[in-house]
Amino acid sequence: MDDKDKIVAQGRWLNQLAGADRVLLAAVLGLPLLAGALLVAQAAVLAGVLHRAIVEGAVLTGLLPQVALLATILVVRIALGGFGELAAMRFGEAIKQRLRFDMVVDLLQRSPTWTAARSSGALSSTVLEQVEALDGYFTRYLPAMVQAAILPVAFAVIAFSVDWIVGLLFLISAPLIPVFMALAGWGAEAASRSQAAALNRLSGRFADRLRGLVTLKLFGQEAAETARVRAASEELRVRTMRVMRIAFLSSAVLEFFAALGVAGVALYVGLTFLDLVNVHSTELTLSAGMFLLLMAPEVYQPLRLLAAHYHDRASAKAAVAEIERELDGLPAAVAPVAATAMAGAAEGPASLELRSVAVSDPTGRPVIAEADLTLEPGGRIAILGSSGIGKSTLLEAIAGLRPFSGVIRVDGQALADIDIPELRRHIAMLGQRPRLFVGSIADNIRLGRRDADHAAVRRAAQLARVADFADALPEGLATPLGEDGLGLSGGEIQRIALARLYLRHPRLILLDEPTAHLDVATEALVLDGLAEFARDRTLVVATHSLAVAARMDKVFRIGGGKLLPAPKSTSGDRSMGAA
Amino acid sequence: MRAILAFAPLLGRLKGPITLTLLLSLITLLAGIGLLGLSGWFLTAAALSTLGSAFNIFAPSAGVRGLSFIRILSRYGEKLSGHDMTLRLLSDLRAWLFARLFPLVPLARRFGRGDLVSRLLADVEALDTVFLVALGPISTAVLAGGAMTLVLVLALPGAALTYALLFFAAVLLVPIGLVLASRAAGAEAVAANAMLRQAVLDGIDGHQDLMLFDATDAAAGAAAVASGRLSRARQGLGLRAALASALVQLLAGGALIGTLLAGLAALEQGTLDGPLLAGLLLAVIASFEASAMLVRSATRLAGAAAAAARLQAITDSAPAVAEPAAPLPIPPGGDVRFEAVRFGYDPQHPVLDGLSLAVRAGECVAITGPSGAGKSTIAQLLLRLVDPDAGTVKLNGSDLRAVNGAELRGRIALMTQDAPVFLDTIRANLRIGRDDAVDDALWRVLEAVHLGEFVRSLPGQLDAVVGEAGRTLSAGQARRVCLARTLLSQADVIVFDEPTSGLDVETETAFLSELPELTRGRTAIVITHAVVPETFDRVLELRAGRLEAARH
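Everything quoted here is computed from the prediction, not taken from an experiment.

Peer 1: Now, about the overall build of chain B: what can you tell me, with residues and values included?
Peer 2: Secondary structure assignment for chain B yields 18 helices and 12 strands. A burial count over chain B gives 60% of its 552 residues as buried. Counting contacts in chain B only where the partners sit at least 6 residues apart, residues at least 24 apart contribute 76% of the total.

Peer 1: Which residues make up the nonpolar core, and what values go with them?
Peer 2: Most often, soluble globular proteins have nonpolar side chains that are buried together. Counting 227 residues, the largest nonpolar core has Leu134(A), Phe138(A), Met290(A), Ile445(A) and Val466(A) as its most contacted members. Considering each element in turn, this core owes the most residues, 17 residues, to helix α9 (residues 216-269) of chain B. In terms of nonpolar packing, the next biggest core, distinct from the first, is built from 53 residues, Val445(B), Leu458(B), Leu487(B) and Val532(B) among them.

Peer 1: Run through the sheet that holds strand β11 (residues 554-559) of chain A, naming residues and quoting values.
Peer 2: All names here are of chain A. A sheet is described by the order of its strands in space; here six strands give the open sequence β6-β9-β10-β3-β11-β12, paired in mixed fashion. Each edge of the sheet is formed by a strand with only one pairing partner; in this case those strands are β6 (427-430) and β12 (562-566). Shown here is a sheet whose adjacent strand axes are inclined to one another by a mean of 20°, direction ignored. Here five bridges tie strand β9 (residues 508-512) to strand β10 (residues 538-542), and the two strands are oriented parallel to one another. From the neighbouring strand, isoleucine 509 faces β10, where its bridge partner is leucine 539. Where helix α12 (residues 391-398) meets the sheet, it contacts β3 (380-384), β6, β9, β10, β11 and β12, and its direction lies at approximately 155° from that of β9.

Peer 1: Describe in detail the interface of chain A and chain B, supporting the description with residues and values.
Peer 2: Size of an interface: often given as the accessible area lost when the parts come together. Facing 150 residues of chain A, the contacting portion of chain B comprises 152 residues. Approximately 13700 Å² of surface area, both sides summed, lies buried where chain A meets chain B, with 67% of it carried by carbon and sulfur atoms. At the boundary of chain A with chain B, the tally comes to seven salt bridges. The partner of Arg234(B) in a salt bridge is Glu132(A), and the shortest N-O contact between them spans 2.5 Å. Put simply, chain A and chain B have 22 residue pairs in polar contact (both at pLDDT 80 or more) between them. Ranked by residues supplied to the side of chain A that touches chain B, first place goes to helix α9 (residues 222-273) of chain A with 28 residues.

Peer 1: So what's going on with the pattern of salt bridges? Which residues, and what values?
Peer 2: Oppositely charged side chains may form a pair once their charged atoms are brought near each other. Throughout the structure, instances matching the rule amount to 45 salt bridges over all chains. Between Arg538(B) and Glu363(B) there is a salt bridge, with the nearest N and O atoms lying 2.8 Å from each other. Of this pair, Arg538(B) sits in strand β11 (residues 538-543) while Glu363(B) sits in the loop between β2 (352-359) and β3 (364-368), and the two are 175 residues apart along the sequence. Accessibility assignment for this pair places Arg538(B) and Glu363(B) in one class, buried. Within the structure, one salt-bridge network assembled from shared partners comprises Glu93(A), Lys96(A), Arg100(A), Glu132(A), Asp135(A) and Arg234(B).

Peer 1: Run through the pairing of β12(A), naming residues and quoting values.
Peer 2: Each regular strand carries side chains that alternate between the two faces of the sheet. Residue and element names in this part refer to chain A. Direction of pairing for β11 relative to β12: antiparallel, over a ladder of five bridges. For glycine 559, the partnering residue across the bridge sits in β12 and is lysine 562. The hairpin formed by β11 and β12 contains two residues between the paired strands, and glycine 560 there has a positive phi angle of roughly 60°.

Peer 1: Residue-level account of a nonpolar patch on the surface, with values.
Peer 2: All names here are of chain A. A surface patch of nonpolar side chains, amounting to about 670 Å² of accessible area, comprises Val153, Val157, Phe160, Trp164, Leu168, Leu171, Ile172 and Leu176. Top contributing element to the nonpolar patch by residue count: helix α7 (residues 164-211), with five residues. Here leucine 171 is to be found in helix α7. You can call leucine 171 partly exposed: its relative accessible area is 31%.

Peer 1: An account of the side chain of Arg411(B) is requested, with residue identities and associated values reported.
Peer 2: All names here are of chain B. Along the chain, arginine 411 turns up in helix α13 (residues 405-411). There is a polar contact of 3.0 Å between the side chain of arginine 411 and the backbone oxygen of glycine 333. When sequence neighbours within four positions are dropped, the list of residues in contact with arginine 411 reads Ile330, Pro331, Pro332, Gly333, Leu395, Asn396, Ala491, Asp492 and Val493.

Peer 1: Go over the side chain of Ser39(B) with me, naming the residues and quoting the values.
Peer 2: Take Ser39(B): it is sitting in helix α3 (residues 15-48). Those residues in contact with Ser39(B) that sit more than four places away from it in its chain are Val262(A), Ala266(A), Leu293(A) and Val64(B).

Peer 1: Tell me about the packing of helix α7 (residues 157-205) of chain B against α9(B), residues and numbers included.
Peer 2: Two numbers describe how α7(B) lies on α9(B): the axes approach to 8 Å, and their chain directions differ by 175°. What the angle tells us is that α7(B) and α9(B) run roughly antiparallel.

Peer 1: Summarise the packing of aromatic side chains; cite the residues concerned and give the values.
Peer 2: Residue and element names in this part refer to chain A. Taken as a whole and judged by the stated rule, the model has nine aromatic pairs over all chains. Aromatic side chains tyrosine 137 and phenylalanine 138 sit 5.2 Å apart centroid to centroid with 90° between the ring planes, which places their arrangement in the edge-to-face category. On the basis of relative accessibility, which here comes to 0%, the residue phenylalanine 138 falls in the buried class. An angle of 90° between the planes, with centres 6.2 Å apart, marks the rings of phenylalanine 170 and tyrosine 300 as edge-to-face. One end of the pair, phenylalanine 170, is in helix α7; the other, tyrosine 300, is in helix α10 (residues 286-308), with 130 residues separating them in the sequence. Linked through ring pairs, Phe91, Tyr137, Phe138 and Tyr141 together constitute an aromatic cluster. Above the plane of the ring of tryptophan 114 lies arginine 110, whose end atom (NZ or CZ) is 4.4 Å from the centre. Sitting over the face of the ring of phenylalanine 533, arginine 537 holds its NZ or CZ atom 4.2 Å from the ring centroid.

Peer 1: Got a sec to walk through the environment of Val248(B)? Specific residues and values, please.
Peer 2: All names here are of chain B. Residue placement: valine 248 occurs in helix α9. Given the relative accessible area of 3%, valine 248 is considered buried. Linking valine 248 and valine 171, residues 77 residues apart in sequence, is a C-alpha distance of 7.8 Å. Among all residues touching valine 248, those that are not within four sequence positions of it are Ala170, Val174, Ser291 and Val295.

Peer 1: Would you mind going over the sheet that holds strand β5 (residues 398-399) of chain B in detail, with residue names and values included?
Peer 2: Residues and elements named next belong to chain B. A sheet is described by the order of its strands in space; here four strands give the open sequence β2-β1-β4-β5, paired in antiparallel fashion. Here the strands that pair on one side only, and so sit at the sheet edges, are β2 and β5. As defined by bridge partners, strand β4 (residues 390-395) adjoins β5 across two bridges and the pair is classed as antiparallel. Along β5, the bridge assignment pairs lysine 394 with aspartate 399. Running at roughly 115° to strand β1 (residues 336-343), helix α12 (residues 375-382) makes contact with β1, β2 and β4 of the sheet.

Basis of the calculations
- Residues numbered from 1 in each chain as written.
- Chains lettered and ligands numbered in written order.
- Predicted model: local features only at pLDDT ≥ 70, side-chain atom pairs only at ≥ 80, totals over all residues.
- Heavy atoms only, no water.
- Helix = DSSP H or I, 4+ residues; strand = E, 2+ residues; numbered from the N terminus.
- Buried < 20%, exposed > 50% of the residue type's maximum accessible area, 1.4 Å probe, protein only.
- Contact = heavy atoms within 4.5 Å.
- Core = buried A, V, L, I, M, F, W, Y, C linked by side-chain atoms within 4.5 Å.
- Pairing = 2+ DSSP bridges.
- Axes fitted to C-alpha atoms, helices over the stretch in contact; angles between N-to-C directions.
- Buried area = accessible area lost by both parts, 1.4 Å probe.
- Salt bridge = Lys/Arg side-chain N within 4 Å of Asp/Glu carboxyl O.
- Polar contact = N/O pair within 3.5 Å; in protein donor to acceptor, adjacent residues only side chain to side chain.
- Patch = residues over 30% accessible without salt bridge, like charges linked within 9 Å, V, L, I, M, F, W, Y side chains within 5 Å.
- Areas by Shrake-Rupley, 256 points an atom, 1.4 Å probe, with all protein chains shown as cover.
- Parallel < 35°, antiparallel > 145°, perpendicular 65-115°, else oblique.
- Phe/Tyr/Trp six-rings, centres within 6.5 Å; stacked < 30°, edge-to-face > 60°.
- Lys NZ or Arg CZ within 6 Å of the ring centre and 35° of its normal.

Structure representation (structure tokens):
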């Protein structure tokens, strides 16, 4: 029952998308119907020509006006069909374009912990492949459905006026077809759903394995992984064939009726001519008989078209279900977020206060049980603790990236009461796994403040010690980077991410392992830069490095889900052995 | 189009299914032509027959029924076998392409990951049209059109030439013209698709950074730009397809009118009778069924050609290192030697210059040095992911360039700085290190890296699935899964590249102190910037491209 409601809601969502542009929708549905009406005229004229030539013995010159009329009808009909096709394409593209944008905005408005818990390959496949899978529903299935609902019956009624037996044959057989088709289609739809899920898993798997290609090669997994790729593809083939076996069955049903219609009309009309069948008061002419024969395939053609595009509907519905599953709901139209201007100058360091803060991971496991902290404006603290103990989680909660219970106050104002752009202006955070984007080093630094001029980027690069390695590159800061900083070491990526932060004017800085990939000498230089930037700012650093901790005012450690004060130096100076 | 031909060997493997599909589709088409033609002839002949004349109705009516059933069955079979064959081809293509990627590793900055995913999935799938849409239907249409032309030559010679010209223009020239006209737009659509995927991946993978820097609107804007570009490219393709489809229908209409005029003239001259004229006209109408399908998919053929060219660009790129033609065996043992090695990604600025290193079998050596000094390059040279510009790297006296790469990687294991945890079970993640490892061995190694208790707490234990990039694990736990995997391998030499980054000092110190014990009996080379414990045999420091002893 619940499932059924869901499917109904998914269907409604699809139709909502279609209803957004009613004028275009009318053209998409109406033009093919007009072209269909001309088909009747075309068949009548052609049958008339044959009748006059074969039965009445008319000469070619006398028939030329009718042949010219036939040609004109043909051209107009083709033009109408062409315009219908163009309208359908525009219609589909407009819907997909809007939907893709809504989905991306929707994704980016969610919590980063939500996206982090999901496969980025599968999510991107949802935005690309699954949205693309909707195309056929709007451009092919909808017009085909309207044609199938109207044209066969209209053609049958016209045939009825010529010969009631043929009309009756059409009238009875045509509506039967959708029944058979629906029977065959149901199976196809269920199978198509599982196929969409398989396709998405495959996409996620590829992204994952490609990321680890080097590791797989190093461990000699080339052959084994290639075999697994083949196995996954084969699984998709088996699933797809299950869909196709049933989907094609419904088109075989149609083929059956269409062939039967032609054969039935030919035999019935032929036998009537031979007087072997006689149910008529008036004589049937060749013109009428030929017209019926010409119309016979056309009666079933709209239904055949619908069958050919029926799996477009099944794929679209499966894609909708997949979108809903992947995004935890169907995206509604969203208003684009207005860009917020950065304020020019800092307004002095902020205070930070934590009262009974508790944070759980996405599975609900408590990570931080009860953290309390009072940090005066301009204070600098380090948070130590073994990995996985919740340092990052706590910083993310303070940055407003994670839900928490208890109270976090910045400058005495509760986090929940500060609006997001304001919050981002006051608080800057460097995560443990900063991401670099395709573009130059300077472009990546400029993510911190997009209107930053060259000099500002340069200053930030120097302060974060990016310039140290960038200047050795032939193009300096303009050096293009591959995706995710391909070609850079972990320490270099971290320093670029730090430079981003230096372009801003935060009042509270949260750093998560800023020097994890740096050697002691570079670490010291980077910390000098940080000290300079963090003057007149409040600073919280989660770290393993005792060198970092030594430079802070106070040191805390996380134990038992609480923040505990710790002595500033707990073990020997780590810089001894390495240098 | 030439790019598609490069994939012909893969098609060759599916000769049987291809022939079957072709045959079935030809039968379907010919049965359709025969059915409508025979019906037209029969109907007209019946209309003209005088009462009581001996008109044989049994042969034509049996023919009509027979042809309809042949058509129903062959159509179903054709579709099924065509799709099955196409999907088999897809599996072959995916596996083949994946296998081709491995020798090219490391892919470096040549291809972004988003782009690569797009190539593998979308491009390979775009190639499915090559047979189902192009080769199959074109051959069928040409054969059926040839047959129809032959019938016209015999029955209505006046119409044969017009029909042949218009038919072959519709089934050959228009699709070819469409492919050529769509080439640029098709390539543009594929490129825009890759750009959009990259934009979406950037948005998802960099979500936290974008959020923190209040740059989500810029990311959404980048995606919107790519999406608009994709939409425009698709509309360009659609316009061409609509024009081509109209053109084909006009040609079909022309063929109908031409045959009609020639037929009427022949009828007037008495060289053709009425029933045959009706039959031929209806057969001509039926024969154009072949062209309707061709045009709809020819746009996708253009896209497939672009996809094929991109796939070829990957497979044709030179491998990072060349395998020796006649590899020499590696003598047993774990003795590693660098002799006057020079290497630079930019040869003008070598990272390593005149580097020499000798590590005896069973030794445990640490290499330290400032970040960016080239420490990781030493590991890459040892695994032969790159070759030195000068000098040699040897394992037990064998130059690495002379030995089999797979054998080398069986003898030297490397845990890279960015080794990933795969979206798979703990067991599958560990077994990458050693395919046949039994659970006991897995637990032993998990205990050794202090993960035993954690894994026992997971639902499903060894069967617990860990997330993409190990994000359901903490950074430290993810590193330790990779460590466990590496320790599991049976290599004589194990290289660790920053094995403890992301671990806290206590765990780092504990782990490094245990390393010599864990790797006892094997050679261990540990690249690190951490404090090196006393348990190591030697510590070397990389400075200005050379190694110096820092401690003995």
